[in-house]
Every structure is written in C-alpha cells, then in structure tokens.
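Spelled out from the first residue to the last, the chains are:
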Amino acid sequence: MDLLERLTSNYLINVGFMAWMSAQVIKFLLALIMTRKLQWERLVGAGGIPSSHSALVCAMALGMARKMGFDSPLFALALAFAGIVMYDAMGVRRAAGEQAKVLNKMMKGFNFNLNNIFSFSGSKEEATADEQLEKEAFLKEYLGHTPLEVLCGALLGILVAMLIPLT
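Because the structure is a prediction, the values reported are computed rather than measured. Residue numbering note: each chain is counted from 1, following its sequence as written. It should be noted that, the model being predicted, local features are given only for residues of pLDDT at least 70 and side-chain atom pairs only at 80 or more, the latter also being counted only at that level, while totals for whole chains, interfaces and linings use all residues. Note that the side-chain values use all heavy atoms of the structure and ignore hydrogens as well as water.

Participant: Quick rundown of the nonpolar core? Include the residues and the values.
Facilitator: Residues enter a nonpolar core if they are buried and are Ala, Val, Leu, Ile, Met, Phe, Trp, Tyr or Cys, with the set joined through side-chain atoms within 4.5 Å. For the exposure calls, accessible area comes from a 1.4 Å probe over protein chains only, and a residue counts as buried if that area is under 20% of its type's maximum, exposed if over 50%, partly exposed in between. Formed by 16 residues in total, the largest nonpolar core has its most connected members in A19, A55, A59, M64 and L156. Of all the secondary-structure elements, those providing two or more residues to this core are α2 (11-35), α3 (52-68), α4 (73-90) and α7 (147-163). Put simply, DSSP marks the helices as runs of H or I at least four residues long and the strands as runs of E at least two long, and each gets a number from the N terminus on. For this core, the element with the highest residue contribution is α3, accounting for six residues. The contact rule is simple, with two residues in contact once any of their heavy atoms fall within 4.5 Å. Sequence-distant contacts of M64, that is, excluding residues within four places in its chain, are made with L12, G69, L74, F75 and A78. Core analysis: the second largest hydrophobic core is formed by eight residues, V57, C58, A82 and A89 among them.

Participant: Outline a nonpolar patch on the surface, listing residues and values.
Facilitator: Each patch is built from residues lacking any salt bridge and having more than 30% relative accessible area; the joining distance is 9 Å for like charges and 5 Å for nonpolar side chains (Val, Leu, Ile, Met, Phe, Trp, Tyr). Accessibility throughout is a Shrake-Rupley quantity obtained with a 1.4 Å probe, and a residue counts as covered only by protein chains that appear here. Each reported salt bridge corresponds to a side-chain nitrogen of Lys or Arg within 4 Å of a carboxyl oxygen of Asp or Glu. A cluster of nonpolar side chains, namely L3, L7, I13, F17, M18, M21, V25, L29, L32, L38 and W40, defines an oily patch on the protein surface of about 1,000 Å² accessible area. Elements that contribute at least two residues to the nonpolar patch include exactly α1 (3-8) and α2. Relative to the helices and strands, L3 resides in helix α1.

Participant: Explain unusual backbone geometry to me, and be specific about the residues and the numbers.
Facilitator: The amide bond that connects I49 to the next residue, P50, takes the cis arrangement and shows omega of -5°. Locating P50 in the fold gives a position in the loop between α2 and α3.

Participant: So what's going on with the packing of aromatic side chains? Residues and values would help.
Facilitator: Here the aromatic set is Phe, Tyr and Trp, taking the six-membered ring for Trp, and pairing holds for ring centres within 6.5 Å; pairs whose planes are under 30 degrees apart are stacked, those over 60 apart are edge-to-face, and all others are tilted. Inspection of every chain in the model, using the stated rule, returns two aromatic pairs. When the centroid spacing of 6.0 Å and the interplanar angle of 35° are considered together, the rings of F17 and W20 count as tilted. A residue pair is termed a helical-turn pair when its members lie 3 or 4 positions apart in one helix, as F17 and W20 do in helix α2 at three residues. Look at F17 and you get partly exposed, because its relative accessible area is 43%. Taking the relative accessible area as the measure of exposure, W20 reaches 28% and is therefore partly exposed. Ring centres of F70 and F75 lie 5.3 Å apart, and the angle between their planes is 75°; this geometry places the pair in the edge-to-face category. The exposed category is assigned to F70, whose relative accessible area is 59%.

Now the structure itself:
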C-alpha cells in the first residue's frame, strides 16, 4: 500500500483535512464576495470566519468519538486539545492580532512624521521608496478569532465529521 493510499484511508486525517480545507475555501469565497478581489492568502492564512483551527480540531474530536466511542480516553484527549486550541485562538492569538493593528497604526504615523521632518527634496523617487516600505513593513493582523468565528469553525468541523462516513 503506497503512502497516499495509507493516508487517505485514515478517517481522522480525512475529517480533519476536509474540515480545515472547507473552512479555508469558505474564508476565500467570503473575502472574494466582500472585497471583489482574489485574496489567495485567505486559502492558507489564519484568522477570519470560520476558524479553520476550530473546524479541524472539532472534526477530529467528533471523529475520534465516532470511531473510538464517547467514553474513550482518546476522545477525552481530543476534546481537551480542541478546547485548548479554540481558547488560544480567541485569547492569545486574537490579542496578538489586536496588538498588530495598533502597532501598524503607530508605524503609519511614525513613517508619515519622519517623511515630513527629513524629506528636503521631496523627489518622486523618495516617495515611491517610502510607499514600497509602507506596503512591506506591516505586521499581519489576521491572527486570532472572535468567539463567533470560533463557534462557526466548531460547527463546521462537527458538520464535516457527521457527513463523512466512518471507514
């Protein structure tokens, strides 16, 4: 049996991957509808609705319960892991994203003030270089999730685990 066949025969890997992929595709499509722009980063990036992390861990926890039973120690472990991941997404990672927003605002103001103070010639080349720096130097703000984003991800994961038949 080759590696791909062995991997795709694992029910837990299948439900986890399908839940994660479904969440990422939904994020991509929502971003496309809202901005009318292709944002390829939404296919793999963190943050947004639904939470792909929550979808993955909830799908795997419910998949473990379906496969091993709700009284299984492995289900208990998967459930605890899912709780920690979702708590972290709403707590630490969300706080880091909020801090990134504040730091980005500060950097925009800082760059603007520095340009005004130290720009003597005001040449077009300097402005272009400054604009390029402004585009590249900012922190990612999509890191964590709101409770609603986590809830939607969890529900998506549960749905996926229920829809994919046990193997």
